[in-house]
Amino acid sequence: MTSTPASPKTAKTSRRLLAIGLGVTFAALGSAVPASAHTTAPAASVSSSAIGAGYTGSAREAADNKAFFEAVLASVAKKQAADPGLRSVTVYYNASQAPSFRSQISSAASVWNSSVSNVKLQSTTGGADFSYYEGNDSRGSYASTNGHGRGYIFLDYAQNRQYDSVRVAAHETGHVLGLPDHYSGPCSELMSGGGPGTSCTNRYPNSTERARVNQLWANGLAKALDKLNKVR
């Protein structure tokens, strides 16, 4: 990424009502948060932040989610243009900057990979379409862009102790695949995030969410290349 990382500020746990799960997940996995963990993440505009009961989102948040998805799609398009022989769409992520959440991120990717068929998530240490970061931030966990066409997901320590950590990762990863927040939805809806409260531990997208992702990535190669042509 071309932007200089900035250190998010610490906030009180009581104010972190999750934008859960831009997310995806399995059975409850607690997140080990070492006291020495780094709290750096690229400076950017936030798409999904800490929320409270009754929160319905904002136009700015929705626009940021869309920008994040488009940044990932454009990155995928460039890879596919460079290798026209590709016959499937794979979105590569780098979790090296979020070591405390490596297992939760892996579980979130597995949830999505088992839930949808037109796009797959795969870990890499270089050339990723987006990255994960960890640390402390009063906004909670969120998906964003760095203003230079690159996307990243930030996982907040306090929020991940309060909410199901895999749901948090899975929800935020849902933005990667094009899904918006829907905080007023039920616990069975992954993109409802923290709306249903801390007792909600569902880590899987429902049938509507799965169908939407498959629809967005149907004929993914053609769509990705079309996106590349539009941003050139």
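Residues numbered from 1 in each chain as written. Predicted model: local features only at pLDDT ≥ 70, side-chain atom pairs only at ≥ 80, totals over all residues. Heavy atoms only, no water.

1. Re the overall build of the chain
Point 1. What the chain contains, in helices and strands, is six helices and eight strands.
Point 2. Listing each helix as α and each strand as β along the chain from the N terminus yields β-β-β-α-β-α-β-β-β-β-α-α-α-α.
Point 3. Here the chain, with 232 residues, has 51% of them falling under the buried criterion.
Point 4. With an accessible surface of roughly 9,900 Å², the chain has 52% of that area assigned to carbon and sulfur atoms. (Helix = DSSP H or I, 4+ residues; strand = E, 2+ residues; numbered from the N terminus. Buried < 20%, exposed > 50% of the residue type's maximum accessible area, 1.4 Å probe, protein only. Areas by Shrake-Rupley, 256 points an atom, 1.4 Å probe, with all protein chains shown as cover.)

2. Observations concerning the packing of aromatic side chains
Point 1. In this structure the tally under the stated criterion is seven aromatic pairs.
Point 2. Measuring from ring centre to ring centre gives 6.2 Å for Tyr 93 and Phe 130, while their planes differ by 40°; the resulting arrangement is tilted. Of this pair, Tyr 93 sits in strand S4 (residues 90–97) while Phe 130 sits in strand S6 (residues 130–135), and the two are 37 residues apart along the sequence. Each member of the pair, Tyr 93 as well as Phe 130, is classed as buried.
Point 3. Taken together through their ring pairs, the aromatic side chains of Tyr 133, Tyr 142, Tyr 152 and Phe 154 make up a single cluster. (Phe/Tyr/Trp six-rings, centres within 6.5 Å; stacked < 30°, edge-to-face > 60°.)

3. Observations regarding the environment of Gly 135
Point 1. Mapping Gly 135 onto the fold places it in strand S6.
Point 2. A residue is classified by how much of its surface remains accessible, and Gly 135, at 0% relative accessible area, is buried.
Point 3. Placed 35 residues apart in sequence, Gly 135 and Ser 100 show a C-alpha to C-alpha distance of 9.6 Å.

4. Regarding the environment of Ser 100
Point 1. Along the chain, Ser 100 falls in the loop between S4 and helix H2 (102–115).
Point 2. Along the primary structure Ser 100 and Tyr 157 are separated by 57 residues, whereas in three dimensions their C-alpha atoms are 9.1 Å apart.

5. Quick look at the state of the cysteines
Simply put, the disulfide is a covalent bond whose two ends are the sulfur atoms of two cysteines.
Point 1. In total, this model carries one disulfide according to the counting rule given.
Point 2. The disulfide bridge from Cys 187 ends at Cys 200, spanning 2.1 Å between sulfur atoms. Every disulfide takes its handedness from the sign of the S-S torsion; for Cys 187 and Cys 200 that torsion is 90°, giving right-handed. One end of the pair, Cys 187, is in the loop between helix H4 (165–176) and helix H5 (207–216); the other, Cys 200, is in the loop between H4 and H5, and 13 residues separate them in sequence. (Disulfide = S-S within 2.5 Å.)

6. Notes on the pairing of S4
Point 1. In this structure, S4 lies alongside strand S5 (residues 120–123), joined through four bridges in parallel fashion. Note that in S5 the partner of Thr 90 across the bridge is Lys 120.
Point 2. As for the winding sense of the linkage, the β-α-β connection from S4 through H2 to S5 is right-handed.
Point 3. Pairing geometry for S4 and S6, over three bridges, is parallel. Among the inter-strand pairings, Asn 94 is bridged to a residue of S6, identified as Ser 131. (Pairing = 2+ DSSP bridges. Right-handed = clockwise from strand over helix to strand, strands pointing away.)

7. Digging into the confidence of the model for the chain
Point 1. Residues at a pLDDT of 70 or more form 64% of the chain, whose mean pLDDT is 74.
Point 2. The least confident element of the chain is strand S1 (residues 5–6), whose mean pLDDT is 38; the most confident is H2, at 98.
Point 3. The model gives residues 44–55 a pLDDT under 50, and that stretch makes 55 contacts with residues more than four places away or in other chains. (pLDDT = per-residue confidence, 0-100. Contact = heavy atoms within 4.5 Å.)

8. A closer look at the pairing of S6
Point 1. Taking burial as the measure, the six residues of S6 include six buried ones, the bulk of the element.
Point 2. On S6, burial covers both faces: Phe 130, Tyr 132 and Glu 134 on one face and Ser 131, Tyr 133 and Gly 135 on the other are all buried.
Point 3. Across six bridges, S6 lies against strand S8 (residues 151–156) in parallel orientation. Each residue of the ladder has a partner; that of Gly 135, found in S8, is Asp 156.

9. Details of the pattern of salt bridges
Point 1. This model, assessed by the stated rule, comprises two salt bridges.
Point 2. Close ionic contact of Arg 139 with Asp 137 constitutes a salt bridge, the shortest N to O distance being 2.5 Å.
Point 3. A salt bridge links Asp 164 to Arg 203; the shortest N-O distance between them is 2.7 Å. Of the two residues, Asp 164 is situated in the loop between helix H3 (157–162) and H4 and Arg 203 in the loop between H4 and H5; the sequence distance between them amounts to 39 residues.
Point 4. Its relative accessible area of 8% is what places Asp 164 among the buried residues.
Point 5. For Arg 203, a relative accessible area of 2% gives the class buried. (Salt bridge = Lys/Arg side-chain N within 4 Å of Asp/Glu carboxyl O.)

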